[in-house]
Amino acid sequence: MKEAKLIKEIPLSSAKDGAITVVTVKEPYGKGTAPVVSVGIWLSKTSEDPDWKVHIPVENLDEVIEALQEAKNQF
C-alpha cells in the first residue's frame, strides 16, 4: 500500500507562496515496488498538486545528493 510521509516543506525563494516538499513514498507504484523520495515544486501552495515533481529511487539518493552538492559548489 502506498504510504507517503512529509519530511520537510521549504519556502520557495522565487515564488511568494511557493514551496519545495520532500516526501518519502513506500510502494509508490503498487505492492512490492521500491521506495522513492518525491521532491515537489509548488509555485503556489493554494494548488492541490505540485507544478513539478520528481521521484528519486532510494538506491540513487547518495549519488543525487553528491551531484546537488557539486552543483551548489559551482555558485
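Structural data are supplied above this passage.
Read on for an overview of the structure. For clarity, every value in this text was computed on a predicted model and none was experimentally measured.

### Details of the pattern of salt bridges
In total, this model carries one salt bridge according to the counting rule given. Here Lys-45 and Glu-9 are joined by a salt bridge, their closest N and O atoms 3.7 Å apart. Taken together, the positions of Lys-45 in the loop between strand 3 (36-42) and strand 4 (52-57) and Glu-9 in strand 1 (residues 3-11) put the pair 36 residues apart, joining distant regions of the chain. By relative accessible area, which is 34% here, Lys-45 ends up partly exposed. Relative accessible area serves as the criterion here: at 42%, Glu-9 is assigned to the partly exposed category.

### Here we look at the sheet that holds strand 4
As summarised here, the arrangement of the four strands in space is 1-2-3-4, forming an open sheet in which the pairing is antiparallel. Among the strands making up the open sheet, the edge pair consists of strand 1 and strand 4. Direction aside, neighbouring strands of the sheet carry axes that sit 20 degrees apart on average. Pairing of strand 2 (residues 19-26) with strand 3, which is carried by seven bridges, proceeds in the antiparallel orientation. Of the residues in strand 3, the one forming a bridge with Ile-20 is Ile-41.

### Remarks on the side chain of Thr-21
Within the secondary structure, Thr-21 is located in strand 2. A relative accessible area of 8% places Thr-21 in the buried class. The residues touching Thr-21, leaving out its near neighbours within four places in the chain, are Leu-6, Lys-8, Glu-9, Ser-38, Val-39, Gly-40, Trp-42 and Lys-45.

### Here's the deal with a negative patch on the surface
Together, Asp-62, Glu-63, Glu-66 and Glu-70 make up a negatively charged patch on the protein surface. With relative accessibility at 52%, the residue Glu-70 sits in the exposed group.

### Some thoughts on helix 1 (residues 61-73)
With 13 residues, helix 1 extends 18 Å from end C-alpha to end C-alpha; this agrees with the ideal 18 Å at 1.5 Å per step. Of all 13 residues in helix 1, zero are buried; the element is thus mostly exposed.

### Some details on unusual backbone geometry
Although it is not a glycine, Glu-27 adopts a positive phi angle of roughly 50 degrees. Tracing the chain through its elements places Glu-27 in the loop between strand 2 and strand 3. Relative accessible area serves as the criterion here: at 23%, Glu-27 is assigned to the partly exposed category.

Thresholds, definitions, all that
- Residues numbered from 1 in each chain as written.
- Predicted model: local features only at pLDDT ≥ 70, side-chain atom pairs only at ≥ 80, totals over all residues.
- Heavy atoms only, no water.
- Salt bridge = Lys/Arg side-chain N within 4 Å of Asp/Glu carboxyl O.
- Helix = DSSP H or I, 4+ residues; strand = E, 2+ residues; numbered from the N terminus.
- Buried < 20%, exposed > 50% of the residue type's maximum accessible area, 1.4 Å probe, protein only.
- Pairing = 2+ DSSP bridges.
- Axes fitted to C-alpha atoms, helices over the stretch in contact; angles between N-to-C directions.
- Contact = heavy atoms within 4.5 Å.
- Patch = residues over 30% accessible without salt bridge, like charges linked within 9 Å, V, L, I, M, F, W, Y side chains within 5 Å.
- Areas by Shrake-Rupley, 256 points an atom, 1.4 Å probe, with all protein chains shown as cover.
- Lys, Arg positive; Asp, Glu negative; His and termini not counted.
- Charge placed at Lys NZ, Arg CZ, Asp CG, Glu CD.
- Expected span 1.5 Å × (residues − 1).

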